[in-house]
Every structure is written in C-alpha cells, then in structure tokens.
Amino acid sequence: MKFIMIRHGETVANRQGRYIGHTQSPYTDKGKSQVRDIVINIPENINIEGIYSSPLDRTRVIAEKIAQRLDKKLIITPAISEINFGIFEGKTYKEIKREFPLEWEHWIVDYINYKIPQGECLRDVNDRVKKFIDELKDKGRPQTEYLLITHGGIIQTIITYLLDLRIEDRWHFRIPPGAIVEIDYHENYGVLSRLSY
C-alpha cells in the first residue's frame, strides 16, 4: 500500500507567515507555478485507487486538476483539513502574542493538548487524521495507492502515524508548499520512500 501526499502551493498567507488553518488564501505566483508543476508531473499511468482532498480552495484546486487529468473520482473530506487555529486564524505570531498573550502562552507550553479557543488542539487533529487513515488501510489492498492533497501539518501527522513515531516527532519533517511525500506501508510497517519539493 502506498500513501502519496501533496501539500498545496504557496499562498499569500504562507508568504506573510499567517496561521491559516481553515482560512482561505489565494496562491502567490510561486504557488500557481507549483500547482502547474505538480499537475503536469503526475504520471498518467499511476495506479491510484482514490484521490482525497481537504475542502479548502488551496487544496481542492490541485485535486480537481489531478482528478481530471487522471480521469479519477475526487473525494472531498474534512478529515484532512488543516488544524483550526480558532482565534489565531489569519494572524501572524506577533499579532497573536499582542492580541491573545494568555492563549498564546498556553499554546506554546502545551501545543499538543491546548485547545485554541474556537479551534482545535493538535491531539484532536491527530485523532481525526488517524481515524481517516485507518479507514483507508482497512479497505485497501497491498497494491492500493492513495493520493491525498492536503496541508503541511496534516502531512506531518500522517508521517508520524504511519512511521509509528510520537506526535512531537513531526518537527523532524519539513513540508513546504508544493512538497510531495510518499510512504510505502506493508504489514503495519511504514517506510518514507519520497520527500521532495
């Protein structure tokens, strides 16, 4: 079984260093170029069982283009949406520290378990992503390949889960916009076979 994960192209908010879990943000020129490169370089003979995308525009645009090129069904699922940053959404870390100093401090101290007001905690995200991946594992066969178009934090979560690592080990993996990650997964054992950008 193979999991192929693509992070969306660079957005204006990415360039500005803003936290945008569930907030929409348009592509930069670089992001548009990354989208074109990703779509063009997907092999037409790839043996994809299913294409799944986060519902946000920055992922869905790529997913729709790939699904059309491969003539495959696209499934949109909130299970692989980025973390909801709640009251931090759309802000830089300096703005958050200034406007929500107490909440920022709580999050920095325990980013895994602290639930951002009106948002999520990383453990919640980890649980929903694991449930989704388990569903794919249960219905897949050894030769099944899944393509997931999603977000940097979600790809980090999937990597740590399939490689049997701790949640905090996510920081060992840098997933910039436009990155492609592949994990081969057989007999409950994952191997990182590609990390490119």
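Above this text is the structure in question.
Computed from a predicted model, the values in this text were never measured in an experiment. (Residues numbered from 1 in each chain as written. Predicted model: local features only at pLDDT ≥ 70, side-chain atom pairs only at ≥ 80, totals over all residues. Heavy atoms only, no water.)

**Re the nonpolar core**
Phe-3, Met-5, Phe-88, Phe-132, Ile-133, Leu-148 and Ile-158 are the most contacted members of the largest nonpolar core, which has 37 residues in total. A per-element tally of this core places helix 6 (residues 122-139) first, with six residues. When residues no more than four places from it in sequence are discounted, the contact partners of Phe-3 are Ile-133, Leu-136, Lys-137, Tyr-146, Leu-148, Leu-162, Val-181, Glu-182, Ile-183 and Tyr-185. One finds Tyr-27, Val-35, Ile-42 and Ile-149 within the second-largest nonpolar core, a separate group that totals 18 residues. (Core = buried A, V, L, I, M, F, W, Y, C linked by side-chain atoms within 4.5 Å. Buried < 20%, exposed > 50% of the residue type's maximum accessible area, 1.4 Å probe, protein only. Helix = DSSP H or I, 4+ residues; strand = E, 2+ residues; numbered from the N terminus. Contact = heavy atoms within 4.5 Å.)

**A look at the packing of aromatic side chains**
Enumeration according to the criterion identifies 14 aromatic pairs in this entry. For the ring pair Phe-3 and Tyr-146, a centre distance of 5.7 Å and an interplane angle of 35° mean the geometry is tilted. With Phe-3 in strand 1 (residues 2-7) and Tyr-146 in strand 4 (residues 145-150), this residue pair connects regions lying 143 residues apart in the sequence. On the basis of relative accessibility, which here comes to 0%, the residue Phe-3 falls in the buried class. Taken together through their ring pairs, the aromatic side chains of Tyr-19, Phe-85, Phe-88, Tyr-93, Phe-100, Trp-104 and Trp-107 make up a single cluster. Note that Arg-170 overlies the ring of Trp-171, its terminal NZ or CZ placed 5.6 Å from the centroid. (Phe/Tyr/Trp six-rings, centres within 6.5 Å; stacked < 30°, edge-to-face > 60°. Lys NZ or Arg CZ within 6 Å of the ring centre and 35° of its normal.)

**Looking at a nonpolar patch on the surface**
On the surface, Leu-192, Leu-195 and Tyr-197 cluster together to form a nonpolar patch covering roughly 280 Å² of accessible area. Positionally, Leu-192 belongs in strand 6 (residues 189-196). Residue Leu-192 is classed as partly exposed on the basis of its relative accessible area, which comes to 31%. (Patch = residues over 30% accessible without salt bridge, like charges linked within 9 Å, V, L, I, M, F, W, Y side chains within 5 Å. Areas by Shrake-Rupley, 256 points an atom, 1.4 Å probe, with all protein chains shown as cover. Salt bridge = Lys/Arg side-chain N within 4 Å of Asp/Glu carboxyl O.)

**Overview of unusual backbone geometry**
Despite not being glycine, Gln-118 shows a phi value in the positive range, around 65°. With respect to the helices and strands, the residue Gln-118 is situated in the loop between helix 5 (101-109) and helix 6. Of note, the phi angle at Asp-164 is positive, near 60°, even though the residue is not glycine. Examined against the element boundaries, Asp-164 turns out to sit in the loop between helix 7 (152-162) and strand 5 (180-186).

**Section: the pattern of salt bridges**
Throughout the structure, instances matching the rule amount to 15 salt bridges. As a salt-bridge pair, Lys-91 and Glu-99 come within 3.1 Å of each other at their nearest N and O atoms. A single network of salt bridges, built from pairs that share partners, joins Lys-2, Glu-182, Asp-184 and Arg-194.

**Points about the packing of helix 6 against helix 7**
At a closest axis distance of 10 Å, the pairing of helix 6 and helix 7 adopts a crossing angle of 60°. It follows that helix 6 is oblique to helix 7 by the angle criterion. Judged by the twist between their axes, the crossing of helix 6 over helix 7 is right-handed. Here Val-125, Asn-126, Arg-128, Val-129, Lys-130, Ile-133, Asp-134 and Lys-137 of helix 6 come into contact with helix 7, specifically with Ile-154, Thr-157, Ile-158, Tyr-161 and Leu-162. A per-class count over the contact of helix 6 with helix 7 returns seven nonpolar, two polar and four charged. (Axes fitted to C-alpha atoms, helices over the stretch in contact; angles between N-to-C directions. Parallel < 35°, antiparallel > 145°, perpendicular 65-115°, else oblique. Left-handed = near helix turned anticlockwise from the far one by under 90°. Nonpolar A, V, L, I, M, F, W, Y, C, P; charged D, E, K, R; others polar.)

**So, the side chain of Thr-92**
Of note, Thr-92 is situated in the loop between strand 3 (74-76) and helix 4 (93-99). Not counting residues up to four positions away in its chain, the partners in contact with Thr-92 are Gln-16, Gly-17, Arg-18 and Tyr-19.

**Side note on the sheet that holds strand 2 (residues 50-53)**
Across the sheet, six strands lie side by side as 3-2-4-1-5-6; this open sheet has mixed pairing. Each of the sheet's edge strands pairs with one partner strand only, and the pair in question is strand 3 and strand 6. With direction set aside, neighbouring strand axes in the sheet form an average angle of 20°. As paired strands, strand 2 and strand 4 are joined by four bridges and run parallel to one another. In the strand pairing of strand 4, Tyr-52 is matched with Leu-148. Contacts from helix 7 reach strand 1, strand 4, strand 5 and strand 6, with the element oriented near 155° to strand 1. (Pairing = 2+ DSSP bridges.)

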